[in-house]
Amino acid sequence: MAVLAGTAGTTLVTLLTTEAWQRARDGIASLWRRAEPERAEAISTELEVTRTDLLTAQAGGDFHSQSELGAEWQGRIRRLLVTHPEEAAALRALISELEPLAPVAPTVTQHATASGHAHIYQAGRDQNFSQR
């Protein structure tokens, strides 16, 4: 269940910044509506707050918030599945529906050849060091 919740949380938060965010919100809210109807409206609202937080963070150059928010939703979804394991099949179906809507992550390929006394420094993102 932890793996399923992890996939769901990551997929959900990834989609919150795309045109498919309303479908993702509605799909997750429907899980709660069936399992814990009294919390469904609050979950929907929390997803909208998460979306706003994520968009604000990304606009400010904070790209770590996405993984943090994903972990937050992974935990919520995992706890829902622990108390309502009957929702696992519906969650799998929702993920299957939503995954094709997620943006494709860019692929980074690096290749370097060194000779002599050369130094090679490669990074897929920021690289900070000092050499004396």
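That block above? That's the structure.
What you are looking at is a predicted structure, and each value in this text was computed from that prediction instead of being measured. (Residues numbered from 1 in each chain as written. Predicted model: local features only at pLDDT ≥ 70, side-chain atom pairs only at ≥ 80, totals over all residues. Heavy atoms only, no water.)

Draft legend 1. Representation of the overall build of the chain in the model. Check the secondary structure of the chain and you find 5 helices and 0 strands. Reading the chain from its N end, one meets helices and strands in the order α-α-α-α-α. For the chain, the C-alpha radius of gyration of 19 Å lies well beyond 14 Å, the compact-globule estimate for 132 residues. Overall, the chain is about 65 × 30 × 25 Å in size when its C-alpha atoms are taken along their principal axes. Counting the 132 residues in the chain, one finds 35% classified as buried. (Helix = DSSP H or I, 4+ residues; strand = E, 2+ residues; numbered from the N terminus. Rg over C-alpha atoms; globule rule 2.2 N^0.38 Å. Buried < 20%, exposed > 50% of the residue type's maximum accessible area, 1.4 Å probe, protein only.)

Draft legend 2. Focus on helix α5 (residues 88-98). Here α5 has its buried residues at Ala-88, Leu-91, Leu-94, Ile-95 and Leu-98. Taken around the axis of α5, the buried residues stretch over an arc of 120°, which confines them to a single face. Pointing more than 90 degrees away from the buried face of α5 are the exposed residues Ala-89 and Ser-96. Contact partners of the buried residues in α5: α1 (2-15), α2 (21-35) and α4 (65-83). (Arc of directions from axis to C-beta. Contact = heavy atoms within 4.5 Å.)

Draft legend 3. Quick peek at the side chain of His-84. Among the structural elements, His-84 can be located in the loop between α4 and α5. Discounting chain neighbours no more than four positions away, the residues touching His-84 are Ala-35 and Glu-36.

Draft legend 4. Region of interest: the pattern of salt bridges. If you walk through the whole model with that rule in mind, you get 7 salt bridges. Between Glu-87 and Arg-34 there is a salt bridge, with the nearest N and O atoms lying 2.9 Å from each other. Here the residue Glu-87 occupies a position in the loop between α4 and α5, and Arg-34 occupies one in helix α2, the gap between them amounting to 53 residues. Across the salt bridge formed by Glu-72 and Arg-76, the nearest N and O atoms sit 3.7 Å from each other. Placement of the pair is Glu-72 and Arg-76 together in helix α4, with a separation of 4 residues, close to one helical turn. Overall, the relative accessible area of 38% leaves Glu-72 in the partly exposed class. By sharing partners, the salt bridges in this structure join Arg-25, Asp-26 and Glu-48 into a single network. (Salt bridge = Lys/Arg side-chain N within 4 Å of Asp/Glu carboxyl O.)

Draft legend 5. Region of the structure containing the packing of aromatic side chains. Applying the stated rule across the entire model yields 1 aromatic pair. Note that Arg-76 overlies the ring of Trp-73, its terminal NZ or CZ placed 4.3 Å from the centroid. (Phe/Tyr/Trp six-rings, centres within 6.5 Å; stacked < 30°, edge-to-face > 60°. Lys NZ or Arg CZ within 6 Å of the ring centre and 35° of its normal.)

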